[in-house]
Amino acid sequence: MEQDSLPASETAAPITPEGLIGIDEVQRALNRSRASVYRYTNTDPRNLNPPFNPRKLNPEYRSDQKDPLLFHPNEVARFARDVLRIKEVTVEVLNSPSTATQQLLSSILDELRSIRSRLDAFEQGPTSLSAHRDTFEQSRPAA
């Protein structure tokens, strides 16, 4: 059953930090069953990362057999276009919602920018320790 046009879009897909998508998102993007997506996938029980196969859906590099299969959106689009012969392919990857970690990192970045702007606002002080010491000693009252 060949389809002339199938937009493969990811609207609510959880995206990994690297921008990769999982089996469920590939299944929705290709509008195929989970079993057929696994049949399309380039896997080998004897080889954790088999070489690229242009006739298969190639997952990203895995370091352990237990790691989930993750796919780059461009690879899913290539597979849909070249192998499944879907003429119009669109794989849309949306940014994930802001997490507590991202919010914390953003506030740290804002604080660092504030510190940098304050440091830049200071006049250029002595560049050597001895010049700084001389300035300090001159400002002390005589004993």
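Before any of the text, the structure's been laid out above.
Right, let's walk through the structure included here. (Residues numbered from 1 in each chain as written. Predicted model: local features only at pLDDT ≥ 70, side-chain atom pairs only at ≥ 80, totals over all residues. Heavy atoms only, no water.)

1. Structural notes on the overall build of the chain
Worth spelling out the cut-off: Think of it this way: any DSSP run of H or I at least four residues long counts as a helix, any run of E at least two long counts as a strand, and we number them from the N terminus. Here the term buried applies to any residue with accessible area under 20% of the maximum for its type, exposed to any over 50%, and partly exposed to those in between, with areas from a 1.4 Å probe on protein chains only. We call two residues in contact when some of their heavy atoms are within 4.5 Å.
Helices and strands together make up the secondary structure of the chain, namely five helices and zero strands. Reading the chain from its N terminus to its C terminus gives the helix and strand order α-α-α-α-α. Within the chain, the fraction of its 143 residues that count as buried is 25%. Restricting the contact set of the chain to residue pairs at least 6 apart, pairs at least 24 apart contribute 46%.

2. A word on the packing of helix 1 (residues 23-30) against helix 3 (residues 73-82)
Relative orientation and spacing of two packed helices are given, respectively, by the angle between their axes and the distance between those axes. Our working definition: Here an angle of 0 to 180 degrees is reported between the N-to-C directions of two axes, which are lines fitted to C-alpha atoms, with helices fitted over the stretch in contact. Two helices that cross are described as forming a left-handed crossing if the nearer one is turned anticlockwise from the farther one by less than a right angle, and a right-handed crossing if clockwise. Side-chain classes are defined by residue name, with Ala, Val, Leu, Ile, Met, Phe, Trp, Tyr, Cys and Pro counting as nonpolar, Asp, Glu, Lys and Arg as charged, and the others, Gly among them, as polar.
One way to put it is that helix 1 packs onto helix 3 with a least axis distance of 11 Å and a crossing angle of 35°. As helix 1 runs across helix 3, the sense of the crossing is right-handed. Residue-level inspection shows Val26, Ala29 and Leu30 of helix 1 in contact with helix 3, the latter providing Val76, Phe79 and Ala80. In terms of residue class, the contact of helix 1 with helix 3 is built from six nonpolar, no polar and no charged.

3. Thoughts on the packing of aromatic side chains
To describe a pair of aromatic rings, one takes the distance between the centres and the angle between the planes. For clarity, the cut-off: In this scheme Phe, Tyr and Trp rings, the latter by its six-membered ring, pair at centre separations within 6.5 Å, and the angle between planes marks the pair as stacked below 30 degrees, edge-to-face above 60, and tilted otherwise.
Tallying each qualifying case throughout the model produces one aromatic pair. Each ring, one from tyrosine 40 and one from phenylalanine 79, has its centre 5.1 Å from the other, and the planes form 50°; the classification is tilted. Highlighted residues: tyrosine 40 in helix 2 (residues 34-40) and phenylalanine 79 in helix 3, separated in sequence by 39 residues.

4. What to know about the nonpolar core
Short version of the rule: In plain words, nonpolar cores are sets of buried Ala, Val, Leu, Ile, Met, Phe, Trp, Tyr and Cys residues tied together by side-chain atoms within 4.5 Å.
Membership of the largest hydrophobic core comes to 15 residues, with the highest contact counts inside it found for Val26, Leu30, Leu57, Phe71, Val76 and Phe79. Of all the secondary-structure elements, those providing two or more residues to this core are helix 1 and helix 3. At four residues, helix 1 tops the list of elements feeding residues into this core.

5. Re the pattern of salt bridges
The following threshold applies: Salt bridges are counted wherever a side-chain nitrogen of Lys or Arg sits within 4 Å of a carboxyl oxygen of Asp or Glu.
Within this structure, the stated rule accounts for six salt bridges. Linking arginine 46 and aspartate 44 is a salt bridge whose minimum nitrogen-to-oxygen distance equals 3.7 Å. When the shortest N-O distance is used, the salt bridge between arginine 81 and aspartate 82 registers 3.3 Å. Residue class for arginine 81 comes out partly exposed when judged on its relative accessible area of 42%. Using a relative accessible area of 30% as the deciding quantity, one classes aspartate 82 as partly exposed.

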